[in-house]
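Listed below are the residues making up each chain.
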Amino acid sequence: MAVTESLRGDTSEPAGARAVHEGILRRQSARESAARTYARALPIVPVRARGLTIEGADGRRYLDCLSGAGTLALGHNHPVVLEAIRKVLDSGAPLHVLDLATPVKDAFITELFHTLPPGLADHARVQFCGPAGTDAVEAAFKLVRAATGRTGILAFSGAYHGMTAGALEASGGAYDVRVARLPYPQDYRCPFGVGGERGAELAARWTESVLDDPKSGVPRPAGMILEPVQGEGGVIPAPDVWMQRMRQITADRSIPLIADEVQTGVGRTGAFWAVEHSGVTPDVMVLSKAIGGSLPLAVIVYRDDLDAWQPGAHAGTFRGNQLAMAAGMATLAYVRENRLAERAAELGSRMLNQLRRLAEDFACIGDVRGRGLMIGIEVVEPGNDARRGEGRLATLAGVEQAGDEQALDHLAAHDGNGGVPHQAEGGAAADRGRAAGGRGGAVGLDPAGHARGTSVGFAGTGRSTGVAAAQGPDGRPRPAAPDLAAAIQQECLRRGLIIEIGGRHSSVVRLLPPLTISDEQAAAVLDRLADAVDAVSRAHNGHDRTHQPDPRRRRHDDRAEWAG
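Overview of the structure. As the structure is a computational prediction, the values presented were derived from the model and not from experiment.

### Overview of the sheet that holds strand E16 (residues 500-502)
Part 1 of the argument: The strand order across the open sheet built from 4 strands is E13-E14-E17-E16, with neighbouring strands paired in antiparallel fashion. Of all the strands in the sheet, just strand E13 (365-371) and E16 have a single pairing partner and so form its edges. Ignoring strand direction, the axes of neighbouring strands in this sheet form an average angle of 25 degrees.
Part 2 of the argument: Here 6 bridges tie E13 to strand E14 (residues 374-379), and the two strands are oriented antiparallel to one another. Bridge pairing in E14 links Ile 365 to Val 379.

### Topic: the nonpolar core
Part 1 of the argument: With 96 residues, the main nonpolar core has Leu 112, Trp 242, Trp 273, Ile 488, Leu 511 and Leu 529 as its most contacted residues.
Part 2 of the argument: Residues contacting Leu 511, with those up to four places away along its chain left out, are Cys 65, Met 351, Leu 355, Leu 373, Met 374, Ile 375, Ile 377, Ile 499, Val 525 and Leu 529.
Part 3 of the argument: Membership of the second largest hydrophobic core comes to 22 residues, among which are Ala 136, Ala 140, Phe 141 and Val 179.

### Notes on the sheet that holds strand E5 (residues 153-156)
Sheet strands line up and pair through hydrogen bonds in the backbone, either parallel or antiparallel.
Part 1 of the argument: Within the open sheet, the 7 strands sit side by side as E4-E12-E11-E10-E7-E5-E6. Their pairing is mixed. The outermost strands of the open sheet, each flanked by one partner alone, are strand E4 (124-128) and strand E6 (180-182). The sheet shows a mean angle of 20 degrees between the axes of neighbouring strands, direction not considered.
Part 2 of the argument: Here 4 bridges tie strand E11 (residues 284-287) to strand E12 (residues 299-303), and the two strands are oriented antiparallel to one another. Following the sheet pairing, Val 284 is matched in E12 by Tyr 302.
Part 3 of the argument: Set on the sheet, helix H5 (residues 103-115) makes contact with E4, E11 and E12; between it and E4 the angle comes to about 130 degrees.

### A short note on the packing of aromatic side chains
Part 1 of the argument: Evaluated as defined, the whole model comprises 7 aromatic pairs.
Part 2 of the argument: Taking the centre distance of 5.2 Å and the plane angle of 75 degrees together, the rings of Phe 156 and Trp 242 count as edge-to-face. Here Trp 242 lies in helix H10 (residues 240-252) and Phe 156 lies in strand E5, a separation of 86 residues in the sequence. With respect to class, Phe 156 is no different from Trp 242; both count as buried.
Part 3 of the argument: Ring centres 6.3 Å apart and planes at 70 degrees place the aromatic pair Tyr 302 and Trp 309 in the edge-to-face group. For the pair shown, Tyr 302 and Trp 309 are each scored as buried.

What counts and how
Residues numbered from 1 in each chain as written. Predicted model: local features only at pLDDT ≥ 70, side-chain atom pairs only at ≥ 80, totals over all residues. Heavy atoms only, no water. Pairing = 2+ DSSP bridges. Helix = DSSP H or I, 4+ residues; strand = E, 2+ residues; numbered from the N terminus. Axes fitted to C-alpha atoms, helices over the stretch in contact; angles between N-to-C directions. Core = buried A, V, L, I, M, F, W, Y, C linked by side-chain atoms within 4.5 Å. Buried < 20%, exposed > 50% of the residue type's maximum accessible area, 1.4 Å probe, protein only. Contact = heavy atoms within 4.5 Å. Phe/Tyr/Trp six-rings, centres within 6.5 Å; stacked < 30°, edge-to-face > 60°.

Below, the structure written as structure tokens:
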């Protein structure tokens, strides 16, 4: 079974399967809304999936680093999730009960409260909302407005909180603004032009000034909503010290702090909840995506003294989704019991370090950042120096296409889906890692667990410290390059890798692999991504491949480095 179409243009999948694939895509285009998004950039028709691997109707197979936009903490069809769903179906329990109490719901709430930050777990209430995170955001706004008697909301530039009216008002792309917007700290494109601790401090002072200045035009709000890591905004981790300042600022002024953990929760960033990195306990947490174990579920968890609602003040027909609660309980327990958050922190750090090594070779990579297994690569216009050196370029040259099918078969067979993912080891295990994508040693997945490359960065958040070549002649970051980012996404797809594009200018390549990803699979993901970046860079700059070092020679050198 072919992994992907050959770069020479020939295909090996049966003509009949291809016809089915194309027919479904044609009907989708003719019948579905123009608002569809992922289907445009990813013209695949999934028919089977397990763990990290998706198989399309045309027979091609892919490594999925989109994971339902972060929904699939355990990957596709994890055994514990399927077993939890089957148990409910076989029991004869009702599947739809509105907000009535059930054993399944009780077990879900118990497990959820077991994972909450200690300062919240002891005094928490939970509200089940409609099935999407955006409805939970709306519920959080209604809650703090009812509790405080105030109406305004503080939000941050670059934020994304959903697609309903109230959630959009608090997001970075709002036009009809009824929400006060504050600066969100970041290094690469710092709104104050300084980045680092100084930039975070200036952002905090701006917030204090807006709240304390009687002429700022911003009355005391009902609440402040923030993302511990801005996902759709470009994978920008908030500095821990800034998070602590926001908690202090809001507490001192009796403003409820709402943490949007829709995408960052359930181990994604290297802690069970991203607020735990900073030690912050919010007043309200907005949760969705992974808490449903791949099925639709959204809740808010909040301090019991905020529970000022009247009966029916916020409701939703599908807030009693029993299958989602069963799948969610199984997912929460599995992540907690198998310490997958710690695994995400360790593997994510190594992947970030290796991607920073890749950035040294390609001027179109402006910044590499993230936390845990929530990773972003900002793509920029490369300027005149299209390349940054030759050493690691060949090291990270792509997977040879003749080996793709065998590699994906191997990865699917060792998907980590039935157990906890493991680190690659030396010797035979290292050889397996090189076979599954080619260059286990080259991608920085050190068998001893040592990260190679640059340091993690400011405040341990995985924010890049910057690369001089990514700056323009005026010292500012180079312009975003959404076309190049889109081209990298397409080249990844050709190589059997599904990634997302996000960020303020749609120029950030995003990796959101399941927490069960193995070292071998991570190596394959980075190899395919590096190969895609190489292809796009060559096409953009007209480089001749014969002018580059021999990739096979570099891989031989890397294997020697791995071995010893």
